[in-house]
Amino acid sequence: MVDADPPTAVMKSGASHVITLEARPARAVVLRAMRPVVLSRRLPRPLRRGYDALQMRPRGFTVDLDADPPRLSSTEDGVDFPFTISATDIEQFRLLPSARREEVCWQLELDWTCAGHRGTTVINDDGKPFELYPQEHWHKMSLQDEFEQTHAKAAALHTTPGRFQSALYGLYMQATIGDVQGECPEDPGAKRLWQSWHELKGSSKASAQHDYILWAGVALKN
């Protein structure tokens, strides 16, 4: 769920979509091709913290929404469009869409042929585009939210156990600012905190957030 007005449900990049196709007329329908179509992109919004009617093996496809144009690829060697469906011969497709950097609104366009007629059917989410949230940002936001919530709990303590104080300080500074800044102070207490931060030089903010959550969790239990 992303923080929108109103809050909007989105699919995480890497989650699967299952599309079931059945021909209503007695005649067979040839599915000539299917392609993803990106309708819009945007930077990821903050996060706010299936269909299984038939027991059959779906045909797998990946959907690369970062490609231009978007690329649909079969996960099975030698299996690809065209397919033929009828009232008794049903196809089911499992789609695994992915996007790395942006939120993507997208839909499918399915080209078909039946009894000499050709057409294109749009497949979407009940009249609305599919909405995809980038997987990397999804994990990043989840870690950020957990880090902020853990820090709020730790900050609410009147006193932090001494053996955790310098470690938590260093991890918090590395997670929020990055590598240590300034010269080492002379005051013994300030020097101990500065050295704890300095020892983490070169660590990523995400790594420091993760370690802070672990250390703070232990401190909160003591």
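This structure is a prediction, so every number in the text was calculated from the model and none was measured. (Residues numbered from 1 in each chain as written. Predicted model: local features only at pLDDT ≥ 70, side-chain atom pairs only at ≥ 80, totals over all residues. Heavy atoms only, no water.)

Draft legend 1. A look at the overall build of the protein chain. Counting its secondary structure elements, the protein chain contains 4 helices and 10 strands. Put simply, the protein chain runs from its N terminus to its C terminus through helices and strands in the order β-β-β-β-β-β-β-β-β-β-α-α-α-α. The burial tally for the protein chain puts 38% of its 222 residues in the buried class. Of the accessible surface of the protein chain, which amounts to about 13,300 Å², a share of 50% is contributed by carbon and sulfur atoms. (Helix = DSSP H or I, 4+ residues; strand = E, 2+ residues; numbered from the N terminus. Buried < 20%, exposed > 50% of the residue type's maximum accessible area, 1.4 Å probe, protein only. Areas by Shrake-Rupley, 256 points an atom, 1.4 Å probe, with all protein chains shown as cover.)

Draft legend 2. Structural context of helix α3 (residues 188–198). Restricting attention to buried positions, one finds in α3 the residues Trp194, Ser196 and Trp197. Summarising the axial view, the buried residues of α3 lie within an arc of 155°, below the 170-degree limit, and thus occupy one face. For α3, the side-chain oxygen to backbone nitrogen distance between the N-cap and Gly189 is 3.2 Å, and the N-cap itself is Asp187. (Arc of directions from axis to C-beta. Polar contact = N/O pair within 3.5 Å; in protein donor to acceptor, adjacent residues only side chain to side chain.)

Draft legend 3. Main features of helix α4 (residues 205–221). Compared with an ideal rise of 1.5 Å per residue, which puts 17 residues at 24 Å, α4 spans 24 Å between its outermost C-alpha atoms and is within 8% of the ideal. Taken together, the buried positions of α4 are occupied by Ala208, Gln209, Tyr212, Ile213, Ala216 and Ala219. Projected down its long axis, α4 carries its buried residues within an arc of 140°, all on one side. (Expected span 1.5 Å × (residues − 1).)

Draft legend 4. Quick look at the pattern of salt bridges. Overall, the coordinates contain 8 salt bridges when judged by the stated rule. A salt bridge links Glu109 to Arg35; the nearest nitrogen and oxygen atoms lie 3.1 Å apart. Of the residues examined, Arg35 reaches a relative accessible area of 32% and is grouped as partly exposed. The shortest N-O distance in the salt bridge between Arg59 and Glu91 comes to 2.7 Å. Residue Arg59 is located in strand β4 (residues 59–64), and its partner Glu91 is located in strand β7 (residues 91–98); the two are separated by 32 residues in the primary sequence. (Salt bridge = Lys/Arg side-chain N within 4 Å of Asp/Glu carboxyl O.)

Draft legend 5. Molecular detail of the nonpolar core. Membership of the largest hydrophobic core comes to 25 residues, with the highest contact counts inside it found for Leu21, Leu31, Met34, Phe81, Phe93, Leu95 and Trp106. Only β2 (17–21), β3 (29–42), β4, β6 (83–85), β7, β8 (103–114) and β10 (130–133) provide two or more residues apiece to this core. At 5 residues, the largest contribution of residues to this core is made by β8. Dropping the residues within four chain positions of it, Phe81 is found in contact with Leu31, Arg32, Ala33, Met34, Phe61, Leu72, Phe93 and Leu110. Ranked by size, the runner-up nonpolar core spans 13 residues in total, among them Ala154, Phe164, Ala216 and Ala219. (Core = buried A, V, L, I, M, F, W, Y, C linked by side-chain atoms within 4.5 Å. Contact = heavy atoms within 4.5 Å.)

Draft legend 6. Just the environment of Gly127, in detail. Tracing the sequence through the fold places Gly127 in the loop between β9 (117–123) and β10. You can call Gly127 exposed: its relative accessible area is 62%. Measuring from C-alpha to C-alpha, the distance between Gly127 and Gln107 comes to 9.8 Å, with 20 residues separating the pair along the chain.

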